There are 2 protein chains.
Amino acid sequence: MGSPLGEIMRPCSIAIWGASSSPMKMGTIQLVNLLESGYPGRVYPIHPSEKEILGLRAYRSVTEVGEPVDLALLVLPTRVVPEVLEECGRAGVRRAVIVSGGFKESGGEEGREREREIANIARRHGIRFVGPNCLGVLNSAVPFSTTTIPEPPMGGSIALASQSGAYTAMIYPMLRRMGMRIHQTVSVGNEADLDLVDCLEYFLEEESVKAVGLYVETVRRPRPFVEAARRLARVKPLVAIYVGGNQAGSRASLSHTGAVAGDDRLYGGLLRQAGALRASDMDEMLDWLWALSTQPPMQGGRVAVISNSGGPGASLAYHIERAGLEVPLFSSALREELRGMSNPLAYTGNPIDLTFDTNIFVFKELLQALFVSGEVDGAVIYGIFGSDWFVNLRKRFPGIDGFVDQLKVAYPEFLRGLAETARGKPLLVMSFLGQDSDAIAELGALGVPVLPGARRCASALRALRDYAVLREELAGTTA
Amino acid sequence: MGSPLGEIMRPCSIAIWGASSSPMKMGTIQLVNLLESGYPGRVYPIHPSEKEILGLRAYRSVTEVGEPVDLALLVLPTRVVPEVLEECGRAGVRRAVIVSGGFKESGGEEGREREREIANIARRHGIRFVGPNCLGVLNSAVPFSTTTIPEPPMGGSIALASQSGAYTAMIYPMLRRMGMRIHQTVSVGNEADLDLVDCLEYFLEEESVKAVGLYVETVRRPRPFVEAARRLARVKPLVAIYVGGNQAGSRASLSHTGAVAGDDRLYGGLLRQAGALRASDMDEMLDWLWALSTQPPMQGGRVAVISNSGGPGASLAYHIERAGLEVPLFSSALREELRGMSNPLAYTGNPIDLTFDTNIFVFKELLQALFVSGEVDGAVIYGIFGSDWFVNLRKRFPGIDGFVDQLKVAYPEFLRGLAETARGKPLLVMSFLGQDSDAIAELGALGVPVLPGARRCASALRALRDYAVLREELAGTTA
């Protein structure tokens with residue numbers, strides 16, 4: 001790897017300050033979560049008096065460890081951060097994550113001075129660091145997570161860099177509920193050293209990262225940011241949210257990361273120039289990233305809607321058209337072909353309305369015909385359900401257990417076929433079902449995003465189209 | 001009650017056609033779900049040959065039942081619907097739900113003729129009915145549900161009337177995931193007899209219904225619709241979605257309910273005149289209905305944001321201001337008061353940023369001070385979490401079980417106090433946590449909406465403000 005952030009994201013050993021035998025300390029919580037995240041490397045708790053912490057031998061100082069320490073994780077009161085950083089420098093530790101707050105973000109000159117101080121210490125010793133005032137990092141490829149929130153849904157191919165720690169960690173439960181996974185996150189905090197630009201450069205090199213999301217409150221180095229972002233966006237999609245651009249938002253940002261936020265249009269322009277798709281909020285950014293990290297860019301604006309239910313079909317058609325895409329009426333030849341596959345009450349124009357039909361297997365055949373026809377550039381399906389739907393029936397008809405068990409085998413196979421059929425063109429699924437539905441969980445595992453609403457599907461399709469257009473534009477430029 | 005829909009929604013006995021010993025028939029599925037929904041009335045399956053269905057005595061015809069039948073539920077092939085309706089008429093059954101499709105929505109003259117035929121039969125016998133081409137009804141107050149989807153999350157105070165069956169039933173899993181409940185739903189289908197206007201009139205009279213949502217593809221009786229809607233909106237909030245207003249949406253609607261959809265702006269104007277708040281999609285409508293059914297209308301535009309995390313706080317501030325509301329900077333006196341309650345790193349302007357703090361109990365004190373101050377009209381809180389957060393800590397520190405058990409008692413009490421403190425002014429909570437968090441589940445039970453995003457919270461607050469303004473406008477009118 002070689003890049004400073006690359007080394008922080010793949011440490012073979014971690015020393016942690018601030019953990020103790022007291023369960024309610026932030027450092028302890030982060031050590032517990034680190035251990036529970038399955039981190040395979042060596043962990044050295046550093047503590048002035050305790051001999052053992054969470055079953056690990058504790059050291060009075062990092063110099064005592066006697067083994068190489070790749071990463072220092074500091075979860076300490078503000079005032080002791082400088083001396084510990086000095087100690088790290090003397091002990092040859094060259095990478096750190098400084099979780100501690102109380103620096104620039106606290107507003108006063110004192111905090112700014114403290115931040116300059118740690119930056120100077122680090123520079124003197126050649127230490128590169130993330131923070132201060134951050135939640136740390138997560139990398140599924142190691143795996144490890146230093147955040148305060150338990151049970152990150154690791155995996156997938158989405159990376160996030162965020163000026164809000166919450167947005168890299170507190171979203172885990174929502175991701176899990178959606179069936180999404182998160183591959184890497186960096187909570188950059190006050191960016192006293194490594195910043196969003198370093199994250200962009202690092203994520204560009206990470207092959208397993210397929211889409212990158214940014215939560216931005218300020219861009220401290222506009223020109224390098226735009227350059228790094230454009231280089232990245234030429235290869236993989238970049239999405240950003242910016243909320244500092246009005247009165248209330250900028251006041252909030254100032255108190256949060258000590259960032260002086262800029263005008264909304266100014267930042268809108270900067271992000272556009274950077275080749276980033278701008279999402280309005282975290283939920284929208286995650287929807288887009290899910291689609292962008294799993295589906296190919298959409299090479300045209302024509303979308304097929306397949307539904308076994310009128311309302312969702314009509315809603316999808318409406319929102320897709322409203323998003324500036326097309327829901328073209330199919331040719332009579334294609335409609336005829338589709339009619340041969342569906343039930344007599346079905347409408348095969350576009351949206352295809354199968355009317356309520358428990359035979360979901362027809363979706364695959366329809367999708368195949370649509371994608372082969374060349375009449376559409378992407379598709380969205382409503383109406384896939386799993387064996388959970390039989391919950392009441394099984395109570396009253398124990399005899400159908402065998403049938404449902406067969407479906408439990410047939411569904412995943414069908415869904416794999418469906419995902420396979422879609423290869424080359426984007427496919428989204430709209431469903432109100434959750435991860436307790438085996439079909440929905442399987443779709444997520446197969447890399448097919450499932451979103452619970454027509455507008456959200458349309459918005460994600462739009463992002464897939466926008467990225468295709470953007471990438472073509474960027475390909476024609478030199479920087 | 002007396003109104004035809006009121007009688008359909010509270011039947012003491014139901015005869016059902018189309019159920020049999022075959023588990024995969026739609027009629028069987030609806031009977032199973034009816035029984036599983038806890039329906040306390042008598043149920044009479046009608047079947048030409050079977051003697052017993054699902055443990056219930058079956059009858060060859062409704063005349064054989066020999067007891068009064070309040071409601072006929074028809075889940076039959078299209079062609080036999082007329083004769084069964086005739087039979088109902090002769091047997092004195094006066095209320096029906098016709099689930100069967102194949103009428104006007106199928107597009108041809110034949111379907112339209114069939115629909116006229118059943119309307120005529122019904123009129124001749126004084127039968128009032130919902131449908132055809134619908135999923136039926138749900139009423140938590142009975143309780144009963146006739147839909148094809150299992151496990152409706154019954155309760156709450158939201159009622160839906162929908163020209164899409166899916167949108168009254170397939171949303172159950174999403175509602176459950178959100179912690180929402182649904183009080184009553186009517187899937188109106190083709191509206192050959194009872195329509196949205198009847199639903200509005202019925203919901204107006206239902207005291208337990210606190211907010212009403214409509215999914216509209218067409219308004220068949222515009223003037224009565226506007227009048228009924230305005231009467232309702234004067235007393236309780238009304239939200240509607242309309243997706244038929246562009247090319248793709250109108251094509252979909254036509255194939256779905258045989259409804260000729262109108263221009264988007266035309267319908268926008270109609271809904272505005274009707275006193276309905278127009279949501280863009282089902283998810284937004286549900287967010288609004290949750291807020292509107294549990295929170296008072298917001299009497300001004302000033303919102304307090306309380307967060308223990310910078311990103312969500314800044315996002316809330318940004319989106320609330322963007323939604324046309326205010327996030328006013330608090331007076332110095334109030335800021336001073338708030339500072340006394342929070343930790344030294346906190347910012348108490350607005351948004352209040354407590355920085356990461358595991359003491360969530362402070363929220364109540366802060367909220368109290370804010371609402372007493374008179375400086376805000378509503379509030380949104382980010383940062384409430386439950387005992388589930390301790391999952392990893394408990395694995396490593398079994399000693400804290402006792403502490404967590406104490407929290408399990410203290411949290412609900414605190415949350416009750418919080419909900420109590422908010423009385424009179426709207427309170428929303430933003431959280432990415434789900435129903436597996438005891439705190440989040442408790443908030444839902446206490447009638448505090450929890451939404452997983454800043455934009456969604458801002459949008460729901462805006463709906464609370466819009467309804468306050470609208471209700472004042474409507475109060476000054478006579479019709």
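### A few points about the overall build of chain A
Looking only at helices and strands, one finds 18 helices and 19 strands in chain A. Expected size for 479 residues packed as a compact globule is a radius of gyration near 23 Å; at 25 Å, chain A falls within 12% of this value. Overall size of chain A, expressed as C-alpha extent along the three principal axes, is 80 × 55 × 40 Å. Here chain A holds 479 residues, and 65% of them are scored as buried. Counting contacts in chain A only where the partners sit at least 6 residues apart, residues at least 24 apart contribute 73% of the total. Looking at chain A as shown, the accessible area adds up to about 16,400 Å², and 50% of this sits on carbon and sulfur atoms. Across chain A, 49 positive and 53 negative side-chain charges occur, with their mean positions spaced 3 Å apart.

### A short note on the sheet that holds strand β2 (residues 42-46) of chain A
Residue and element names in this part refer to chain A. Overall, parallel pairing links the five strands, which are arranged β2-β1-β5-β6-β7 in an open sheet. Lying at the two open borders of the sheet, with one neighbouring strand each, are β2 and β7 (128-130). The sheet shows a mean angle of 20 degrees between the axes of neighbouring strands, taken without regard to direction. The sheet contact formed by strand β6 (residues 95-98) and β7 spans three bridges and is parallel. Looking at the pairing, A96 lines up with F129 of β7. Contacting β1 (13-17), β5 (71-74) and β6, helix α3 (residues 81-91) runs over the sheet at an angle of about 170 degrees to β5.

### Overview of the pairing of strand β10 (residues 154-162) of chain B
All names here are of chain B. Buried residues dominate β10, accounting for eight of its nine residues. One ladder, built from five bridges, connects β10 with strand β11 (residues 182-187); its direction is parallel. Residue pairing for β11: A161 is matched across the bridge by V186. The pairing of β10 with strand β12 (residues 211-216) spans five bridges and is parallel.

### Some thoughts on the relation of the copies chain B and chain A
The transformation that overlays chain B on chain A combines an axial shift of 0.0 Å with a rotation of 180 degrees, and the residual RMSD is 0.0 Å. On the angle and the small slide along the axis, the relation comes out as a two-fold axis. Of the C-alpha atoms belonging to chain B, the one lying closest to the rotation axis is found on R177 of chain B, 4.2 Å away. With an isologous cut-off of 70% or more, the 100% of interface residues of chain B that recur at the interface of chain A puts this contact in the isologous class.

### With respect to the sheet that holds strand β15 (residues 303-307) of chain B
All names here are of chain B. Sheet architecture is open: five strands sit in the order β16-β15-β17-β18-β19, paired in parallel fashion. Single-partner strands in this sheet number two, and they are β16 (352-353) and β19 (450-451). Here strand β18 (residues 427-430) runs beside β19; their pairing, made up of two bridges, is parallel. Looking at β19, one finds that M430 is bridged to L451.

### Section: the interface of chain B and chain A
Listed as interface residues are 87 residues of chain B and, on the opposing side, 87 residues of chain A. Both faces combined, the contact of chain B with chain A buries some 7,300 Å², and carbon together with sulfur accounts for 61% of it. Put simply, chain B and chain A have eight salt bridges between them. Ionic pairing is found between E36 of chain B and R396 of chain A, a salt bridge with its closest N-O pair at 2.9 Å. Put simply, chain B and chain A have 32 residue pairs in polar contact (both at pLDDT 80 or more) between them. Only α2 (26-36), α5 (166-169), α6 (172-178), α9 (247-257), α11 (282-294), α12 (310-322), α15 (391-396) and α18 (454-475) of chain B provide two or more residues apiece to the side of chain B that touches chain A. A per-element tally of the side of chain B that touches chain A places α12 of chain B first, with eleven residues. Across the side of chain B that touches chain A, the residue classes tally to 44 nonpolar, 26 polar and 17 charged.

### Quick word on the environment of T146 of chain A
All names here are of chain A. Assignment of secondary structure puts T146 in the loop between β9 (144-145) and β10 (154-162). Taking the C-alpha atoms as reference points, T146 and N33, 113 residues apart in sequence, are found 6.4 Å from one another. Once you skip the residues sitting within four places of it in the chain, T146 turns out to touch Q30, L73, L135, G136 and V137.

### Digging into helix α12 (residues 310-322) of chain A
For an α-helix, the turn length of 3.6 residues means that residues three or four places apart are oriented alike. All names here are of chain A. Between its terminal C-alpha atoms α12 stretches 18 Å, which fits the 18 Å expected from 13 residues at 1.5 Å a residue. Burial runs high along α12: eleven of the 13 residues are buried. Taken together, the buried positions of α12 are G310, G311, P312, G313, A314, S315, L316, A317, Y318, H319 and I320. G324 occupies a position one or two residues after α12 and carries a positive phi of about 90 degrees.

Quick notes on the rules
Residues numbered from 1 in each chain as written. Chains lettered and ligands numbered in written order. Predicted model: local features only at pLDDT ≥ 70, side-chain atom pairs only at ≥ 80, totals over all residues. Heavy atoms only, no water. Helix = DSSP H or I, 4+ residues; strand = E, 2+ residues; numbered from the N terminus. Rg over C-alpha atoms; globule rule 2.2 N^0.38 Å. Buried < 20%, exposed > 50% of the residue type's maximum accessible area, 1.4 Å probe, protein only. Contact = heavy atoms within 4.5 Å. Areas by Shrake-Rupley, 256 points an atom, 1.4 Å probe, with all protein chains shown as cover. Lys, Arg positive; Asp, Glu negative; His and termini not counted. Charge placed at Lys NZ, Arg CZ, Asp CG, Glu CD. Pairing = 2+ DSSP bridges. Axes fitted to C-alpha atoms, helices over the stretch in contact; angles between N-to-C directions. Least-squares fit on C-alpha atoms with pLDDT ≥ 70 in both. Buried area = accessible area lost by both parts, 1.4 Å probe. Salt bridge = Lys/Arg side-chain N within 4 Å of Asp/Glu carboxyl O. Polar contact = N/O pair within 3.5 Å; in protein donor to acceptor, adjacent residues only side chain to side chain. Nonpolar A, V, L, I, M, F, W, Y, C, P; charged D, E, K, R; others polar. Expected span 1.5 Å × (residues − 1).

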